[in-house]
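# Coordinates in review
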Amino acid sequence: MIPAQFDYVAPTTVEEALAALRQYGDDAKLLAGGQSLLPVLRMRLNAPEWIIDLGRIDSLRGVREDGDAIVIGAMTPHSVVGSDPLVAQHAALVTKAVAELADAQIRHRGTFGGALAHADPAGDLGGPVRALDAEFVIAGANGTRTVSADDFFVDLFETAISEDEILTEVRIPKHTGWGAHHEKMVRVAHQWPICAVAATARVEGGTIADIGIGLANMGNTPLRAGGVEEALRGQPATEDSVRAACARAAEGTSPPSDLNGSADYRNHVVQVMCRRAVMGALEGAGA
Amino acid sequence: MTRINLTVDGMKVSDDVEPRMLLVQYLREKLGKTGTVIGCDTSNCGACTVHLDGQSVKSCNVLAVQADGSAVTTIEGLAGKDGTLHPVQEAFRECHGLQCGFCTPGMIMQSVDLLNNNPHPSEQEIREGLEGNLCRCTGYHNIVRAVQYASGHLAAAATPTGAAEEVTPA
Amino acid sequence: MTAVEAQPEVKEIGRDRRRKEDARLITGRTRWTDNISLNGMLHLAMVRSPFAHARITTVDTRAAEESPGVVGVFTGEDLADTQGACINAWAITTDQVTPAHTPLPIDRVAFAGETVAVVVARSAAEARDAAELVEVDYDELPAALDLKEAAEATPENGGALAHPDLGTNKSALWRFDSAEAGTGGNVDEAIAVARTDGIVLEREYRQQRLIPAFMEPRSVVVDPTGEQITVWSATQIPHILRFALAATTGVPESKIRVIAPDVGGGFGGKLQQTPEEMVAFAVARRLGKPVKYTETRSESLLSAHHGRDQWQKLTLAATKDGHVTGLKVELLADLGAYVALVGGGVPVLGAFMFNAIYKFPAYQFSCQTVLTNKTWTDAYRGAGRPEATYAVERLMDELAAELGKDPLEVRELNWIKHEEFPFTTVAGLEYDSGNYEAATARAKELFGYDDLRAEQRRRRDAGDTVQLGIGVSTFTEMCGLAPSRVLGQLNYGAGGWEAASVRMLPTGKVEVITGASAHGQGHETAFSQIVADRLGVPFEDVEILHGDTQVVPRGMDTYGSRSLVVGGEALVRAADKVLEKAKPIAAHLLEASVDDIEFSNGRFGVRGTDQGIALTEIATASFAAHNLPDGVEPGIDADATYDPVNFNFPHGTHLCAMEVDTETGETRMRKYTCVDDIGVIINPLIVSGQVHGGLVQGIAQALWEEAVYDEAGTLVSGSFADYLLPTAADTISFDIDHTTSPATSNTLGTKGVGEAGTIASTPAVVNAVVDAVRHLGVDDIRMPCTPERVWNAINRAGSGGGTVGAAAPHFDESTGMSGNVDRTTGGNEA
């Protein structure tokens, strides 16, 4: 319950934070909202010598519109993202996923970028950002670079962010008018999901014009149900076509087996949930 | 050691703390605010819930140094200075929303936050709003009643006609 | 002395008084053990074994001793002469095999999480830091983990033994046979008859291992600086703890004071004399300084005792028309690494309850208790009776399915009719009162039974994805532990009485001392109501004192739904003695004959006159003692000790509707109705709370909770991220009501209620889940009914199997060190 000793620094600009990262290197951990890091420290599963708290960097907070994208500052709390009208209008899938993320207290402290940088495959945001083709803006010593959601998640708890870099914002292409649905299966409310499916779709004249589907806890990273998407693009927005396509939801997955369900079970249930998520998204898109 | 300054239950405090000290430990050990308790080590139980700058947080999941410059309200600062209970405290008593009372400080603080954001929650909204707080005694039934009762009474207090729905304890 | 005024009598008993306890609890003005801080107090951290079974080869404490703030590091060897022992109070057979249990083991650990050494430092943080530096070398030994395998292990077959020196894992075999006891027929004959001309159901049910998971982690403070050593502990049993401390350390009992301050829940989980308490006591004595130990939640889940954990082999014989003719029960019960305080007594408490509310003519019960290298097991809410109720209520539903009848109809065919009470059961207990017909009729009405059955049929016929099931549980339990004579016959180490005192203070206030030790039940309120009524004093003027051996010299503490029915009766008797003592003083002061004195509404009056005197005035007069009758001692305080003559038998009908998603196996509770008969109700508000809370604990066994070990004997569900307690969002509002058949065994007519909901609800839920999918070929689903198990049962037959892939917990050491890994806060994000 008591973390090991560490030293603490709270920079007020990204530049200062990058300098601290360079200075302390391997011995440092970045602290965003702390809702996953603090339990790890309390259980002494990790004992960094330095904690670099990003909480005092105001520029990392907030939601804004930038042309065809919605930009969410990495240190924006979930509760702010979840109630932001721009997000609701242009990335409804994020709004729906955030509403189901952890609990109210965690949503007040936890941050959008922190959760994504944590890269827990069971997290609630990985599926939606993949489904929405989000981009990640990462700052380093030589300026910033942008990484696609497909490239951002590298492995279990591992992202494209290098040890001397900081995630500053997430850019989500506007999905205005797209339907969205987040289907999450938990055994009890405060638990990690057995799996979750995030779907968003655009319907034109009864046909699925475009669709994005992300999966949580179906592999070492958040996954994209590419096979299902491919099978559905251009198809009629009907239950029959969705049912047939969602049989491919478990293609390419490698889900864990744990106390809440085996890999086999997850591979079965993801198909059912995918169908329900897609149907929900189609309904939201006016199909 | 890092110097922190904050306001806790209306009192300005200033202390040197180890960076590793959790806000809940600071409240309990440095300030004697033992009304706020620790029920788990994974941030599941919510017993340590306090308000940080007006929003509910799990105080085991915040470092004391992160609260520097902030205002904290604990269960001990919820009642009026004259001892008048907050309507949610009163509702928990009225509806038997507690038994052993260990989860109660967190449960009340989260209920207050819930009603601040949604003064007229449905039963389902209450249940989902309390999903970060575990109780082992009550089966939640009377906690939900208490929040409904408080919702009605807060509304009655806000509107002099007092048209709010009455919830009777059961 | 004033004229009697006609006052309308306001009865306290039956009023929904708001609780006295709450004013403190809702404002944070609490005294949990961990809130106690004393000058010079030192803090303890435990070093625990990561292995289920290992020899301790060396313990290197040097680095820890040099760590900042450390005052001492102690191993089992260091404390060998002073640490005492953890006792088993109930050897269920005279030849029970009971391993010695030293709080800090000296050469061998027997479960993962067992304490190996203790670090003492100036702060809790420094103690924890240093504990990480204690180097323990272990030689791993084969661990006995699987209950069935452990039961079969012998030195000859090479099976792993939990304690190799004992030569067996079998601790005790406890048997009851109605033919031998003369309480019924021969069960094997009944089964043989049914095999040729009747119905025989053979089932095996698993009672998974549960963790009580009280919300307040255990904590102990020991202050040795006074003449008495004061121990504050988050315990249900301050009196028993004091006895055990004295009996095993040699410190005179008179030199030990144990205080249970505010205690945050127990549910049986704090009915224990723990190694941590013993270690804290020994260290405080060694150092002469106050010490505190507060466990983390993970430590609590790992090392505080677990509950349930049985395999139940059941054979039920019945006639073709559904009359049960015999029940045979063969249990294997997992004790874990040691025989705990009640230990093997827990399944034995269930032995008398498998016949439940039914008139089974023949019954046989046997229970083999087994030692394994897992956390010890002991009482958890219901203790033995939920296991029994689950088995019989599942079987009654199975019998109904076999017969193609409504499960309530089959129960009615077999249950004791209300006019047949008192009824002596096949297990030899005398049920004093009950009315199963009334409770069932009310429950069906409240539930809308017939409408839900009709909906179920519609949904089945339509082949809906989400099917509806209705589960029944008509339970009874024995509670109010316990008649001392019965405990003696069962070889229990103590009695089952309870003590109370009523002190009439000169200012007119009343102090009541009870040997029951509350930890959330609301004794201060309910007991005040009883005494207020009995003495005719205001509810507000009664103060209930408990949980401190210096204030309450004698007590048997709180468990087994005993506080009201045993402790409450002791109160009544003490209050009546006060009145007896006051009466001659009243007569003297009123200058009347004792024979003419009558008592009502707090006043003694002279029959046929308007003269009278209040009890509180007599208290003042007897305190001054200026004018007492000759030979009467000053003071009208009184003590009473009550030893019950029988258990009491609350019962009820619980009906549960569950929806099952046949595509995913997910379950959702639609409706839950229960009508309990708990005799006379003192405070309906408190009763409702007990019922609701009990229900959710029982429902949680059916749907969510399970303590799972991996193949190495590590507890996988070792944090609240993995041991699944339900939240408000997972549960629903309940419909509860009561019928009343007053108990005949106590003055107030009360029966226990603390465990009822937990005992009844588990089979109601599982019966409902099975009922929802029975038409798909399912006749059992193993608890907890996870979506995967339900789905497997539907699609692959069987009961859904064991836990699939015990795999990794969300917290894992290696991942934790390599990155920001954790999966803690339920969806949680950094």
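These figures come from a predicted structure and were not determined experimentally. (Residues numbered from 1 in each chain as written. Chains lettered and ligands numbered in written order. Predicted model: local features only at pLDDT ≥ 70, side-chain atom pairs only at ≥ 80, totals over all residues. Heavy atoms only, no water.)

This part covers the UniProt feature "domain: Aldehyde oxidase/xanthine dehydrogenase a/b hammerhead" (unreviewed entry) in chain C. If you check UniProt for "domain: Aldehyde oxidase/xanthine dehydrogenase a/b hammerhead" (unreviewed entry), the listed places come out as residues 27–142 of chain C in our numbering. Overall, residues 27–142 of chain C shows 10% helix and 30% strand. The separation of its end C-alpha atoms is 51 Å. (UniProt positions renumbered as here; feature names shortened; annotations may be inferred. Helix = DSSP H or I, 4+ residues; strand = E, 2+ residues; numbered from the N terminus.)

All names here are of chain C. Scanning the model with the defined rule gives 20 aromatic pairs over all chains in all. With a centroid separation of 5.9 Å and an interplanar angle of 85°, the aromatic rings of Tyr672 and Phe734 are classed as edge-to-face. Taken together, the residues span a long stretch of sequence, with Tyr672 in strand 28 (residues 667–677) and Phe734 in the loop between helix 19 (684–703) and strand 29 (735–739) at a distance of 62 residues. When its relative accessible area of 0% is taken as the criterion, Tyr672 is described as buried. The exposure class assigned to Phe734 is buried, which follows from its relative accessible area of 5%. Within the aromatic cluster, the residues linked to one another by ring pairs are Trp174, Phe352, Phe354 and Phe365. It is Lys20 that lies over the ring of Phe539; its NZ or CZ is 4.6 Å from the centre. (Phe/Tyr/Trp six-rings, centres within 6.5 Å; stacked < 30°, edge-to-face > 60°. Buried < 20%, exposed > 50% of the residue type's maximum accessible area, 1.4 Å probe, protein only. Lys NZ or Arg CZ within 6 Å of the ring centre and 35° of its normal.)

Attention shifts here to the interface of chain C and chain B. Contacts between chain C and chain B engage 55 residues on the former and 47 residues on the latter. Roughly 4200 Å² is buried in total at the junction of chain C and chain B, and carbon and sulfur atoms are behind 57% of that figure. On the chain C side of the interface with chain B, the three residues burying the most area are Arg18, Ile26 and Met215 of chain C, jointly 18% of the side's total. At the junction of chain C and chain B, the tally comes to 4 salt bridges. Scanning the region where chain C abuts chain B turns up 24 residue pairs in polar contact (both at pLDDT 80 or more). For the side of chain C that touches chain B, the secondary-structure elements that each account for two or more residues are helix 1 (22–25), helix 3 (124–131), helix 9 (297–303) and helix 19 of chain C. Of the residues belonging to the side of chain C that touches chain B, the class tally is 25 nonpolar, 22 polar and 8 charged. (Contact = heavy atoms within 4.5 Å. Buried area = accessible area lost by both parts, 1.4 Å probe. Salt bridge = Lys/Arg side-chain N within 4 Å of Asp/Glu carboxyl O. Polar contact = N/O pair within 3.5 Å; in protein donor to acceptor, adjacent residues only side chain to side chain. Nonpolar A, V, L, I, M, F, W, Y, C, P; charged D, E, K, R; others polar.)

To continue, consider the domain arrangement of chain B. Residues and elements named next belong to chain B. Per the domain assignment, the segments making up chain B are domain 1 (2–77) and domain 2 (87–158). Placing the centre of domain 1 and that of domain 2 at their C-alpha centroids yields a distance of 22 Å. Each partner contributes residues to the interface: domain 1 has 18 residues there, and domain 2 has 12 residues. Carbon and sulfur atoms supply 59% of the area that domain 1 and domain 2 bury against each other, a total of about 1100 Å² over both sides. Across the contact surface, domain 1 and domain 2 share 0 salt bridges. Across the domain 1-domain 2 interface, the total number found is 7 residue pairs in polar contact (both at pLDDT 80 or more). Those elements giving two or more residues to the side of domain 1 that touches domain 2 turn out to be strand 3 (49–52) and strand 4 (55–58). The residue inventory of the side of domain 1 that touches domain 2, partitioned by class, reads 6 nonpolar, 11 polar and 1 charged. (Domains from an automatic or database assignment.)

Residues and elements named next belong to chain C. Per-residue confidence for chain C averages 94 on the pLDDT scale, and 95% of its residues sit at or above 70. When the criterion is pLDDT under 50, residues 803–807 qualifies, and its contacts beyond four places in sequence or with other chains add up to 18 contacts. The model gives residues 812–830 a pLDDT under 50, and that stretch makes 85 contacts with residues more than four places away or in other chains. (pLDDT = per-residue confidence, 0-100.)

What follows concerns the sheet that holds strand 3 (residues 50–53) of chain A. Residue and element names in this part refer to chain A. A sheet is described by the order of its strands in space; here 3 strands give the open sequence 1-3-2, paired in parallel fashion. The open sheet terminates on both sides in strands that have one partner only, identified here as strand 1 (7–9) and strand 2 (28–31). This sheet shows a mean twist of 25° between the axes of neighbouring strands, independent of strand direction. Bridge analysis of strand 2 against strand 3 gives 4 bridges, and the strand direction is parallel. Pairing of Lys29 across the sheet is with Ile51, part of strand 3. Sitting on the sheet, helix 1 (residues 14–24) touches strand 1, strand 2 and strand 3, and the angle it makes with strand 3 is about 170°. (Pairing = 2+ DSSP bridges. Axes fitted to C-alpha atoms, helices over the stretch in contact; angles between N-to-C directions.)

Okay, the domain arrangement of chain C next. All names here are of chain C. When its domains are assigned, chain C resolves into domain 1 (2–28 + 497–642) and domain 2 (432–474 + 648–803). Measuring from the centre of the C-alpha atoms in domain 1 to the corresponding centre in domain 2 gives 40 Å. Counting the surface domain 1 buries against domain 2, the share from its top three residues, Ile13, Ser561 and Val565, is 31%. Remark: the boundary between domain 1 and domain 2 carries 5 residue pairs in polar contact (both at pLDDT 80 or more). Breaking the side of domain 1 that touches domain 2 down by element, the ones donating at least two residues are helix 16 (523–535) and helix 17 (563–590). Split into classes, the residues belonging to the side of domain 1 that touches domain 2 amount to 7 nonpolar, 8 polar and 8 charged.

Residues and elements named next belong to chain C. Read across the open sheet, the 5 strands follow the order 8-16-15-14-9; overall the sheet is mixed. Each end of this open sheet is capped by a strand with a single partner; those strands are strand 8 (170–177) and strand 9 (199–210). Across the sheet, the mean angle separating the axes of adjacent strands is 10° when strand polarity is ignored.

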